[in-house]
Amino acid sequence: MLSVEDLSISFGGLAALGALSFEVAEREIFALIGPNGAGKSTVFNIVTGLYRPSAGRVRFRGEDLLALAPHRIARRGIARTFQNTEVFRQLTTLDNVLIGRHALLRAGFLRGALGLPAVWREEAAARAGARALLARVGLADAAGVQAGSLPLGAQKRLEIARALAAEPKLLLLDEPAGGLNPTETQTLMELIRGLRDAEGLTVLVVEHDMELVMGISDRVVVLNYGRKISSGSPREIAADPAVIEAYLGSEEA
Amino acid sequence: MRRAALGAGSALLLLWPFLVPRYFVFLTSLVVVNAIVAIGLNLLSGYTNQLSFGHAGFFAVGAYVAAVLTLRAPGVPVVATLVLAGLATALVGLALGIPCLRLEGLYLAMATLAFGFVVVEAIQNLDWLTRGNDGVAVPTAHLGPLALASDAAKYYLVLGVGALMVAAAVNITRTRTGRALLAIRESEIAAQASGVHLAAYRTLAFAVSAFYTGVAGGLFAFVVGFISPDAFDVFLSVDFVAMIIIGGLGSIPGSVVGAAVITLLYDWLAAFQNYRPLLFGLILIGCMLFMPGGIASRMPKWTQQAQ
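Sequence order as written defines residue numbering, which begins from 1 separately in each chain. Written order decides the labels, with chains lettered from A and ligands numbered from 1. Whole-chain, interface and lining totals are the exception, using all residues; otherwise, since this is a predicted model, local features are given only for residues with pLDDT of at least 70 and side-chain atom pairs are given and counted only at 80 or more. Here the side-chain values reflect all heavy atoms present in the structure, with hydrogen atoms and water set aside.

Attention now goes to the pattern of salt bridges. Any Lys or Arg side-chain nitrogen found within 4 Å of a carboxyl oxygen on Asp or Glu counts as a salt bridge. Under the defined criterion, the tally for this structure stands at 14 salt bridges over all chains. Between R196 of chain A and D197 of chain A there is a salt bridge, with the nearest N and O atoms lying 2.7 Å from each other. Salt-bridge contacts for D151 of chain B lead to R22 of chain B; the nearest nitrogen and oxygen are separated by 3.0 Å. Taken together, the positions of D151 of chain B in helix 7 (residues 151-174) and R22 of chain B in helix 2 (residues 22-45) put the pair 129 residues apart, joining distant regions of the chain. Each residue's exposure class comes from its accessible area (1.4 Å probe, protein chains only) as a fraction of the maximum for that residue type: buried when under 20%, exposed when over 50%, partly exposed otherwise. Note on D151 of chain B: relative accessible area 16%, which makes it buried. For R22 of chain B, a relative accessible area of 64% translates into the label exposed. Here the salt bridges share partners, and the residues they tie into one network are E123 and R127 of chain A together with R179 of chain B. Helix numbers and strand numbers start at the N terminus; a helix is a DSSP run of H or I with at least 4 residues, a strand a run of E with at least 2.

Moving on, we get to the nonpolar core. Here the nonpolar core consists of buried residues drawn from Ala, Val, Leu, Ile, Met, Phe, Trp, Tyr and Cys, with membership extended through side-chain atoms lying within 4.5 Å. Judged by nonpolar contacts, the single largest core of 88 residues is most densely connected at F59, Y212, L219, I227 and F232 of chain B. The element best represented in this core is helix 10 (residues 198-224) of chain B, accounting for 14 residues. The contact criterion used throughout is that any non-hydrogen atoms of two residues lie within 4.5 Å. When near neighbours in sequence (up to four residues on either side) are disregarded, Y212 of chain B contacts I36, I39, G40, L43, M165, A168 and A169 of chain B. Judged by nonpolar contacts, the second largest core, of 46 residues, contains V137, L158, V203 and V243 of chain A.

Along an α-helix, residues three or four apart share an orientation, since each turn contains 3.6 residues. Given the number of residues in a helix, its expected span is that number minus one, multiplied by 1.5 Å. Taking 1.5 Å of rise per residue, 21 residues should cover 30 Å, and helix 5 (residues 105-125) of chain B covers 31 Å from first to last C-alpha, within 8% of that figure. Taken together, the buried residues of helix 5 of chain B touch helix 3 (55-72), helix 4 (78-97), helix 6 (127-130) and helix 10 of chain B.

Take a nonpolar patch on the surface next. Residue and element names in this part refer to chain B. Each patch is built from residues lacking any salt bridge and having more than 30% relative accessible area; the joining distance is 9 Å for like charges and 5 Å for nonpolar side chains (Val, Leu, Ile, Met, Phe, Trp, Tyr). Method for areas: the Shrake-Rupley scheme with a 1.4 Å probe, in which residue coverage is limited to the protein chains shown. A surface patch of nonpolar side chains, amounting to about 620 Å² of accessible area, comprises L12, L14, L15, F18, L19 and Y156. Broken down by element, the nonpolar patch gets its largest block of residues, 5 residues, from helix 1 (residues 2-19). Overall, L12 belongs to the partly exposed group, its relative accessible area being 45%.

If you want it as structure tokens, here you go:
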């Protein structure tokens, strides 16, 4: 579904990614892990069109993503969340989710200004859908709350609801468990599994939380200094000495 | 509450010319004209975070298009004249907005400031069309067989157009387009990731803002009856910015209240012209320090737009 080939990018002469390749299959939960600065978020930023790589290719369902602007990539069915959260802080959580649905709503500027009945019908349906999504991530009671006033964990869940509002095919989650407590992480894992099992979403997740990675991933790619050092099932990579040295080892030290 | 207040307010506005002296009718027309500008500016600056210190330029374009059109083609109904003034100004807005897409913050403020000067210079130098510094006496507007010559008649024209434009702005901000503009203000990368085309919406905001300001400029020409380039100097642009900061960035009701406050203050301080910048400056600083959300942030809940 998503194929990344020989991807390279450098910032100010520093290679952030070196010839990275991997392929995510449909309905797969795929994890990218690695120590801080390994280039995980950079991969997300390239796939969503924010960065242009110096070499390599990114294809989504056969289409070259590198030729597309970020909003076009979103419209192809790729939605994401952000490592440090990028909620629309001064807007309500409901409006945050409604903006996530932007590409699927049809009311243009003129029809909106005229307030045609069809616009309000669409708006009412979108609001109901947005409320359902908020409920799904456990924010049912926070619909009117300013997003910026929510605790970090709730902002992360809000970003998932906003991403889902676009009805994506591929969901990119950037450290969704960051700042969550173990109970919240369990709920999050069930949510992600449910998205794949019930709705057939493909999920690409960047995560430090090993419990989440080991618990839900079908396959894992391990990055270190922008290079792939291992890949396979969670069980396989956990037993790989290179991974233990680069990642798990460094965490115990 | 909301319904009752809207009803009482509408009745009062409709009966206004029968209740107060002529001068207050004229002044209320100016408030509504400025409110339309403030809404337009707020859609650009408050909603999309693109600062403009050049809205006096758009206002002038609208005023002169309406004035010259009425002079050259007296048969055109006033509503068509106003629409044309708005559309012409929107085109100018596009011409300014597209090259300004790469500019942000202070740089955009500088570019729009320069635009304001350019418009005044252009009016002064195109005297075959605009009569330069001599100014233009604006002929009476006609709506079908009606000549809108009295202050009350002009007031009803302004009120009708103003009501339509407020309603349209409220609709825009409550639906997809308004949310896209706010999303750009809040986080550009998250807006893009949600499928919002940044350049398209930024440009749209410029065009819509210019349209509002151009229509208001046309109304202004008819209300005051005489326009000259010195009426559209940079201080007018600053007054417009003051309206939305005092009223509340990102609020349509706030725009209207801010326009009323500044217009009335301007009028009351007519005898103290020289102190006006000082006083407006103090009010702005006070507002930013103590009420950064503007008056809108202190208005009761029912006045806010339903979510």
